[in-house]
Amino acid sequence: MNDTTLGRRSLLRAGALGLAGLGFDMKFPAWATTGSAGLRADMPTLAGEDIRLRVAHDRFSVGGRTGHAITINGVLPAPLIRLREGQTVRLHVENTLDEDTSIHWHGLIVPFQMDGVPGISFPGIRPGTTFTYEFPIRQSGTYWYHSHSGLQEQVGHYGPLVIDPAGAEPAAYDREHVIVLSDWTFLHPHQVITKLKQKDAYFNRQKQTATTGEMSVAERISWSKMRMDPADISDVNGSTYSFLINGHGPNENWTGLFRPGERVRLRFINASAMTIFNVRIPGLPMTVVLADGQPVRPVETDEFQISVAETYDVIVEPTSDQAYSLIAEAIDRSGMGRATLAPRVGMTAAIPPLRKRPTLSMRDMGMGGMDMSGMDMGGTGAPAMGGAACPPEHAAMGHCKPGQPAAPMHHGMREKSLMPPTVKVGVGVDMVSAMPVDRTGDRPLGLEKEPHRVLTYHDLAPLVPFHDKRPPTRTIDIHLTGNMGRFMWSFDGRKMNEGAEPIRLERDERVRVNLINDTMMNHPIHIHGHFFELVTGQDHGHPIKHTVNVMPGGIASFDLTADAPGDWPLHCHLLYHMHAGMMNVVKVRPMDDGEAA
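An unreviewed UniProt entry annotates the chain as Copper resistance system multicopper oxidase of Sphingobium amiense.

Q: What's the story with the overall build of the chain in this structure? I'm lost.
A: Scanning the chain from terminus to terminus reveals five helices and 31 strands. Split into buried and exposed, the 597 residues of the chain put 61% on the buried side. Partitioning the contacts of the chain with sequence separation of at least 6, the portion at a separation of at least 24 is 75%. Accessible surface, the chain: about 22200 Å² in total, of which carbon and sulfur atoms supply 52%.

Q: Where do I start with the sheet that holds strand S25 (residues 523-527) in this structure?
A: Backbone hydrogen bonds are what pair the strands of a sheet, in a parallel or an antiparallel way. Here we have five strands laid out as an open sheet, ordered S23-S31-S30-S25-S28, and mixed in their pairing. Among the strands making up the open sheet, the edge pair consists of strand S23 (503-506) and strand S28 (547-550). Neighbour-to-neighbour, the strand axes of this sheet turn through a mean angle of 20°, independent of strand direction. Both S25 and S28 contribute to a ladder of four bridges, which runs antiparallel. The partner of His 523 across the bridge, within S28, is Val 550.

Q: Got a minute to help me understand the side chain of Glu 450 in this structure?
A: With respect to the element layout, Glu 450 can be found in the loop between strand S20 (437-438) and strand S21 (474-483). At 3.5 Å, the side chain of Glu 450 and the side chain of Arg 355 are in polar contact. Not counting chain neighbours up to four residues away, the residues in contact with Glu 450 comprise Glu 303, Arg 355 and Arg 443.

Q: So what exactly am I meant to see when it comes to the nonpolar core here?
A: Most often, soluble globular proteins keep nonpolar side chains buried together rather than apart. One finds Leu 53, Trp 105, Tyr 133, Phe 135, Leu 266, Phe 268 and Tyr 576 to be the most contacted residues of the largest nonpolar core, which totals 147 residues. Each of two domains, domain 1 (30-168) and domain 2 (416-589), supplies a minimum of three residues to this core. In contact with Tyr 133, not counting residues within four places along its chain, are Val 89, Arg 90, Leu 91, Val 93, Ser 102, Ile 103, Trp 105, Met 114, Gly 116, Phe 122 and Ile 125.

Q: What should I look at first to understand empty space enclosed by the protein in this one?
A: A water-sized probe rolled over the atoms picks out the places where empty space is left. By the definition in use, this model includes six cavities of 30 Å³ or more. Its boundaries defined by the atoms lining it, the largest cavity holds a volume of some 210 Å³. In terms of lining, the largest cavity is formed by 18 residues, of which the most central are Gln 305, Asp 442, Pro 444, Tyr 457 and Asn 549. Looking at the lining of the largest cavity, the elements with two or more residues in it are strand S16 (303-306), S28 and strand S29 (554-561). Of the residues assigned to the lining of the largest cavity, the class counts are nine nonpolar, six polar and three charged. Of the voids in this model, the second largest cavity is the one considered here, and its volume is about 80 Å³. Along its surface, the second largest cavity is lined by Ile 233, Ser 234, Asp 235, Met 274, Ile 276, Ile 331, Met 521, Asn 522, Leu 574 and His 577. By residue class, the composition of the lining of the second largest cavity is six nonpolar, three polar and one charged.

Q: Any chance you could explain the pairing of strand S18 (residues 324-330) here in plain terms?
A: For a regular strand, side chains alternate in direction, first toward one face of the sheet and then toward the other. For S18, a buried count of seven out of seven residues is recorded, marking the element as mostly surrounded by other parts of the structure. The alternating pattern of S18 places Tyr 324, Leu 326, Ala 328 and Ala 330 on one face and Ser 325, Ile 327 and Glu 329 on the opposite face, and all of these are buried. Here four bridges tie strand S13 (residues 277-280) to S18, and the two strands are oriented antiparallel to one another. Opposite Asn 278, over in S18, you have Glu 329 as the bridge partner.

Q: Sorry if this is basic, but what is going on with the sheet that holds strand S4 (residues 88-95) here?
A: Spatial ordering of the open sheet is given by S2-S1-S4-S6, a layout of four strands whose pairing is mixed. Looking along the sheet, the strands with just one partner apiece sit at the ends: strand S2 (65-72) and strand S6 (130-136). On average, each strand axis in the sheet is inclined to that of its neighbour by 25°, with strand direction left out of account. Pairing analysis gives eight bridges linking strand S1 (residues 50-62) to S2, with the strands arranged antiparallel. Bridge pairing in S2 places Val 62 opposite Arg 65.

Q: When you look at the environment of Leu 284 in this model, what are you seeing that I'm missing?
A: By secondary structure assignment, the location of Leu 284 is in the loop between S13 and strand S14 (286-291). Owing to a relative accessible area of 6%, Leu 284 belongs among the buried residues under this scheme. Sequence separation between Leu 284 and Tyr 324 is 40 residues; the distance between their C-alpha atoms is 7.6 Å. Ignoring sequence-local partners within four residues, the contact set of Leu 284 consists of Val 316, Glu 317, Pro 318, Tyr 324 and Leu 341.

Q: It is not clear to me how the environment of His 540 should be interpreted in this structure. Could you clarify?
A: Counting through the fold element by element, His 540 comes out in the loop between strand S26 (532-534) and strand S27 (544-545). For His 540, a relative accessible area of 25% puts it in the partly exposed group. Between the alpha carbons of His 540 and Leu 463 there is a distance of 9.6 Å; along the sequence they are 77 residues apart. Beyond its immediate chain neighbours, meaning those up to four positions away, His 540 contacts Arg 297, His 458, Asp 459, Leu 460, Ala 461 and Pro 462. Within the structure, His 540 has its side chain in polar contact with the backbone oxygen of His 458 (distance 3.0 Å). Engagement of the side chain of His 540 in a polar contact is seen with the backbone oxygen of Leu 460, the distance being 3.5 Å.

The rules behind the values
Residues numbered from 1 in each chain as written. Predicted model: local features only at pLDDT ≥ 70, side-chain atom pairs only at ≥ 80, totals over all residues. Heavy atoms only, no water. Helix = DSSP H or I, 4+ residues; strand = E, 2+ residues; numbered from the N terminus. Buried < 20%, exposed > 50% of the residue type's maximum accessible area, 1.4 Å probe, protein only. Contact = heavy atoms within 4.5 Å. Areas by Shrake-Rupley, 256 points an atom, 1.4 Å probe, with all protein chains shown as cover. Pairing = 2+ DSSP bridges. Axes fitted to C-alpha atoms, helices over the stretch in contact; angles between N-to-C directions. Polar contact = N/O pair within 3.5 Å; in protein donor to acceptor, adjacent residues only side chain to side chain. Core = buried A, V, L, I, M, F, W, Y, C linked by side-chain atoms within 4.5 Å. Domains from an automatic or database assignment. 1 Å grid on protein atoms, 1.4 Å probe; cavity = no way out; pocket = protein on both sides within 12 Å on 5 of 7 lines; lining within 4 Å. Points joined across faces, edges and corners; volume = space filled by probe spheres on them. Nonpolar A, V, L, I, M, F, W, Y, C, P; charged D, E, K, R; others polar.

Next up, the structure:
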């Protein structure tokens, strides 16, 4: 698509700005300029106690094309904000748009009135006005900020935020780069969601045909009966997206410099609207030291998946005078972001080709890896399945006994009787995971058979244990539900805008939340204002995070201490899933003034 497909309103706006596209010079913040030597003390950075941000309509170019964007202080990605643990900051946000805007400080522990979500924590920032956020900085690490208004995040309204610790830095390094991953389309975001609703898998150009793929005839028949496509992995993908690294397309090859022998810290932030990336630097192992801003025991890997809204800090130690390609491959292999780490500008390394497109499995369909032979996936009353070992999750449901073969089951993919009465099983629920299992230790989709090391959540151990050692006193199950054909997304079958009942927690209550994915899509679930312990069952402890990617047909559980009074969004961070309704409010009461409503 080109500019002619943008709305008339946007074109008029562009004309008024005098930025008709031809000859437009892209403006990047200093940290994102190609050939960057990394973050340095003399680099222009927004810091201190008073910071001013200006949200405006703008233009953005990539791949030789130019389109409408929303930028902050005239750059995309937005400026780096650098703060220090223990300080107080006032962020004055001026809205020059002709629509409301907002900024959410992703992963920061702030008073809920400063969280920046219109309709939940504040009214939003009206056009032509300035709103001042003010809060103390109570943490350190790598975070980011973005709009929580409409679909503005898709068109550039995001930027990195780094907080230095008050004390010693837990992960020593000689040089650091911020690596912001994102996705860009020249389609207007409202056109994107319209197409998603009008036609099932509109953007999927990798559908399986009768002559492609490696599935057997029986498997193809099973998928056909389910009316599901095993190649339906990303709702929006490389058929319209350009994948950006620090605002640069693959051919623009953003380059970050290093000196051989240095310890180089890379602060990865996935600021995409819809893209989950698999990240690797061929020939250069990565040591993960932070996850979602929280220190973890150093763990070396060759590749990791970063879901939307997650952050990972890694240390690399290149010793040779050579370049390395930094590859961020979209989960469905429909494209990649590409950058280079090199001792000098102009050096390049080999770019690996896109790997073969992955396909979903029965495990992704909520069948827990059991033997599917003879099962009617379409729920048409066919044979039962059974014979495999009884997983603990199914033992808990009374389906079988630990250590014994699973009992025969007659569940189909749309067996809505499996849902508890708390789930609304209307048209918005077209799939039910019959036997979901904990998948936090699974290798991510497409990386199951890679010969090199691949990070899983089970590899993450907190450097400092979570402060609250109490066991949870109750459990809350939340079903991640949807109708893929109609692009309807919800929690427990209820969309946010249909009056879903808020999740109510007592202040300082300790709860276990089970996220049960009844869809064949990944969902990065993010809670505002809190960190949680992701329950992995590992002896080395549970990682502390604010976002967890719940794999298709899987369960992810976290323990939460509700120590922040207020109203907090809980939502899928795939932008169009959230916009479609996969969101709710967590109410923590009483407030400081005793309010209990």
